[in-house]
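Spelled out, the chains give:
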Amino acid sequence: MRIAVTGSIATDHLAVFPGRFTDHLIPDRLDHLSLSFLADTLDVRRGGVAANIAVGLARLSLAPLLVGAVGRDFTDYAAWLRNAGVDTALHISDTAHTARFMCTTDAEHNQIATFYAGAMAEAKHISLTDIVERTGRPDLVLIAPDDPEAMLRHTGECRTLGIPFAADPSQQLARLDREQTRTLVDGARFLFTNEYESALLLERTGWAAEEVLARTGAWISTRGADGVRIARHTRETCHIPAVPVREPVDPTGVGDALRAGFLAAAAHDLPVEEAARLGCALATLVLETIGTQDYKVVPADLLRRVADTYGSASAAALEPLLDDLP
């Protein structure tokens, strides 16, 4: 199964503040907030939602196609992606830098972040139709957070071309109006949100949860340490617990890894419950690693953790997928 991943491609600047943000908030002064946190460490890493997901798919021996907009400063990153097994179809801006994600994490794993779109604002000029003509027809397109016009264009082209798509509006929900949100969600094979975004999506669409489910194949909602909720129309909602973490290091990119694991299992025609279990396992690896793309998948260890969390039957179901990993 060939998966094209559209969305943000960025460089992550990850800082760590040793205290707690909440210790520095004065409740009756929040309307005039002005704070500066002294960080102990700074790591500059490769990132971006779409790139993170594509790398995760490649880690699981798929050959994803990454679609997005970058700047001329992207040469080294592009070479690294090729070496990681990710094919790319990129729009390269003549004027803007590749997007930047700047994030500070405190001792409680709360985060304050800023995202500079840069070249991503030009993603609306990318034509999936042209890419399909050049690279072949994918079996699924994931519409991940991107320039909103690009997300709408890619979703419309998927419908026109008859290509199944998955919707991951995520951080961009705050910028979308009712009709735009409905356009991105309606007809999606998979819909991804976190718990807060689930409520925001209902507010944005104006639909009840059952109306959303009637328009999608499966709604996968991540819940942090509580794992994943999977909801489907006319079927009972199921909850998949998270894989226990040995030592949490950095939560950045955890949701992206979950999506990669889920989609990799779905590409092998596994049930959505098993797909969510692989996603949770991959997410835990990222949580234990600094950087969103720097984790390693060791099949025997990953299967052991799946068996410990979900039982031997789940490990057996996922074993064929992991057997061929280098």
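One structure accompanies this document, and this report is about it. Computed from a predicted model, the values in this text were never measured in an experiment. (Residues numbered from 1 in each chain as written. Predicted model: local features only at pLDDT ≥ 70, side-chain atom pairs only at ≥ 80, totals over all residues. Heavy atoms only, no water.)

**A look at helix H6 (residues 195-205)**
For step 1, the next point in the chain: Turning to H6, its buried residues number three or more, namely Glu-197, Ser-198, Leu-200, Leu-201, Arg-204 and Thr-205.
For step 2, the next point in the chain: Buried-residue contacts for H6 involve helix H5 (178-185), strand S10 (190-194), helix H7 (209-214), strand S11 (218-222) and strand S12 (228-232).
For step 3, the next point in the chain: Here H6 starts with a cap whose side-chain oxygen sits 3.1 Å from the backbone nitrogen of Tyr-196, and that cap is Asn-194.
For step 4, the next point in the chain: Where H6 ends, the next residue or the one after it, Gly-206, has phi of about 75°, a positive value. (Buried < 20%, exposed > 50% of the residue type's maximum accessible area, 1.4 Å probe, protein only. Helix = DSSP H or I, 4+ residues; strand = E, 2+ residues; numbered from the N terminus. Contact = heavy atoms within 4.5 Å. Polar contact = N/O pair within 3.5 Å; in protein donor to acceptor, adjacent residues only side chain to side chain.)

**Considering the pairing of strand S1 (residues 3-6)**
For step 1, the next point in the chain: Residues Ile-3 and Val-5 line one face of S1 and the alternating positions Ala-4 and Thr-6 line the opposite face, and both faces are buried.
For step 2, the next point in the chain: The pairing of S1 with strand S8 (residues 140-143) spans 4 bridges and is parallel. In the strand pairing of S8, Thr-6 is matched with Ile-143.
For step 3, the next point in the chain: Two elements, S1 and strand S4 (residues 65-70), share 3 bridges in a ladder whose sense is parallel. In the sheet register, Thr-6 faces S4, and the bridge partner there is Val-67. (Pairing = 2+ DSSP bridges.)

**As for the packing of aromatic side chains**
For step 1, the next point in the chain: Within this structure, the stated rule accounts for 7 aromatic pairs.
For step 2, the next point in the chain: With 6.5 Å between their ring centres and 45° between their planes, Phe-190 and Phe-192 make a pair best called tilted.
For step 3, the next point in the chain: Their ring planes at 90° and their centres at 5.5 Å tell us that Phe-192 and Phe-262 sit as a pair that is edge-to-face. Separated by 70 residues along the polypeptide, Phe-192 in strand S10 and Phe-262 in helix H8 (residues 254-267) bring together distant segments of the chain.
For step 4, the next point in the chain: Given the relative accessible area of 0%, Phe-192 is considered buried.
For step 5, the next point in the chain: Its relative accessible area of 0% is what places Phe-262 among the buried residues.
For step 6, the next point in the chain: Feature note: the residues Phe-17, Phe-21 and Phe-37 constitute an aromatic cluster, connected by ring pairs.
For step 7, the next point in the chain: The ring of Trp-207 has Arg-215 lying over it, and the distance from NZ or CZ to the ring centre is 4.1 Å. (Phe/Tyr/Trp six-rings, centres within 6.5 Å; stacked < 30°, edge-to-face > 60°. Lys NZ or Arg CZ within 6 Å of the ring centre and 35° of its normal.)

**A short note on the state of the cysteines**
For step 1, the next point in the chain: Counted by the stated rule, this structure contains 0 disulfides.
For step 2, the next point in the chain: In this structure Cys-280 is a free cysteine whose sulfur lies 11 Å from that of Cys-238, the closest cysteine sulfur available.
For step 3, the next point in the chain: Residue Cys-280 is classed as buried on the basis of its relative accessible area of 4%. (Disulfide = S-S within 2.5 Å.)

**Observations concerning the nonpolar core**
For step 1, the next point in the chain: Formed by 64 residues in total, the largest nonpolar core has its most connected members in Leu-57, Leu-60, Phe-190, Phe-262 and Leu-263.
For step 2, the next point in the chain: Each residue touching Leu-57, except ones within four places of it in the same chain, is listed here: Ile-3, Val-5, Leu-62, Pro-64, Ala-260, Leu-263 and Ala-264.
For step 3, the next point in the chain: Core analysis: the second largest hydrophobic core is formed by 31 residues, Ala-89, Ala-123, Met-151 and Ala-231 among them. (Core = buried A, V, L, I, M, F, W, Y, C linked by side-chain atoms within 4.5 Å.)

Remember, this is a structural readout, not a statement about activity or role.
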